[in-house]
Amino acid sequence: DGPPTLRRALSDFCWVSLGHSSSCFPAVMSSILSLAFLLLARHASSLDNGTEDGACLLPGCVSGDEMEDTGLWMLQHRAVAAATAEAVEEAATDAARAEKMGRFLAELHSQHRCDDGPGDRRNAPCAVENCKRCLGSGAVLSFDPTRGDDGYTTCQYRPAVEGAPSTYCGEGFGDNSKKDNKVVACQCCRGENSVLDYDSSSAEGIGYTYCKP
């Protein structure tokens, strides 16, 4: 029938509300017990699922809110992973391309395609650029007055200058043969009859445009 304190409180409630307690008390007690059983059943159900009021109680459980957050996190994670993989692939491609280009230029410079010759050519139009075309950005022109009747100018190798261009006189990777500014640069370096010649097979398939006299 419930603890004395509870019985007294319910009896007082019935007297105040109805003026008697003979039928009120059992009805109220029945309602309280029904409510208690309902709460216990709900609590037991939430424990079976490992959650209570949206919060995880058991190890390894995931609440609805957490499942939604986890799903969003997984989508974001997949998007970041895909973008990262794409960036890594692009970086690897760029690195391989740069390696091919560096190797090609080293071979090109080793061919010593310089326009050395008699006389002092150091101040001739585009002579400095033409020397760099031959041996790279660090190359310099050197004049030896003791060679021959008029002396002799040679292009001499020096280490590349950091941040300087790697190609000169209209030459370069890709097809520059139809670009007016590149044609002008080529003719300035190697004479007005010089032409730009594109070879798509050069540099391991990257392609290179040569300035030829």
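Below is a summary of the structure that appears in this document. (Residues numbered from 1 in each chain as written. Predicted model: local features only at pLDDT ≥ 70, side-chain atom pairs only at ≥ 80, totals over all residues. Heavy atoms only, no water.)

So, the packing of aromatic side chains
Keep this limit in mind: Note on aromatic contacts: the rings of Phe and Tyr and the six-membered ring of Trp form a pair at centre separations within 6.5 Å, being stacked when their planes are under 30 degrees apart, edge-to-face when over 60 apart, and tilted otherwise. Note on conventions: DSSP H or I runs of at least 4 residues are helices, E runs of at least 2 residues are strands, and numbering of each starts at the N terminus. Between buried and exposed lies partly exposed: a residue is buried under 20% and exposed over 50% of the maximum accessible area for its type, with that area taken using a 1.4 Å probe on protein chains only. Two thresholds decide whether a charge sits over a ring: the Lys NZ or Arg CZ must be within 6 Å of the ring centre and within 35 degrees of the ring normal.
Here the structure, examined in full by the defined rule, presents five aromatic pairs. Both rings, one in F104 and one in Y210, keep their centres 6.4 Å apart while their planes meet at 70°; by these two values the pair is edge-to-face. Here Y210 lies in strand β8 (residues 208-212) and F104 lies in helix α3 (residues 64-110), a separation of 106 residues in the sequence. Taken as a pair, F104 and Y210 share a single burial class, namely buried. Measuring from centroid to centroid gives 5.0 Å for Y208 and Y210, while their planes differ by 70°, and the two rings are edge-to-face. Across this residue pair, the class does not change: Y208 and Y210 are buried. Taken together through their ring pairs, the aromatic side chains of F104, F173, Y208 and Y210 make up a single cluster. For R147, the ring lying beneath its charged end belongs to Y152, and the centroid distance is 4.0 Å. A cation over an aromatic ring shows up here: K212 above the ring of Y210, its NZ or CZ 5.7 Å from the ring centre.

Focus: the sheet that holds strand β7 (residues 195-199)
Put simply, the rule reads: At least two DSSP bridges between two strands are needed for those strands to be called paired.
Strand order across the open sheet formed by three strands is β6-β8-β7, with antiparallel pairing between neighbours. Every interior strand has two partners, whereas the edge strands, β6 (172-173) and β7, have only one. Sheet topology note: the β7/β8 ladder contains five bridges and is antiparallel. Residue pairing in the sheet places D197 in a bridge with Y210 of β8.

Some thoughts on the state of the cysteines
To be explicit about the condition: The disulfide criterion is simple: two cysteine sulfur atoms within 2.5 Å.
Scanning all chains against the criterion turns up five disulfides. Disulfide pairing is shown between C169 and C189; the S-S distance is 2.0 Å. Measuring the twist about the S-S bond at about -75°, one finds the C169-C189 disulfide to be left-handed. Separated by 20 residues along the polypeptide, C169 in the loop between β5 (152-156) and β6 and C189 in helix α5 (residues 180-190) bring together distant segments of the chain.

What about α5?
Defined as follows: Our arc is simply the arc of the directions from the helix axis toward the C-beta atoms. Residues are treated as being in contact if the distance between any of their heavy atoms lies within 4.5 Å.
For α5, the complete set of buried residues consists of C186, C189 and R190. The buried residues of α5 occupy one face: seen down the axis, they fall within an arc of 70°. Those residues of α5 that are exposed and angled more than 90 degrees off the buried face are D180, N181 and V184. Buried residues along α5 sit against α4 (127-135), β7 and β8. Once α5 finishes, G191 follows within two positions and takes phi at roughly 110°, a positive value.

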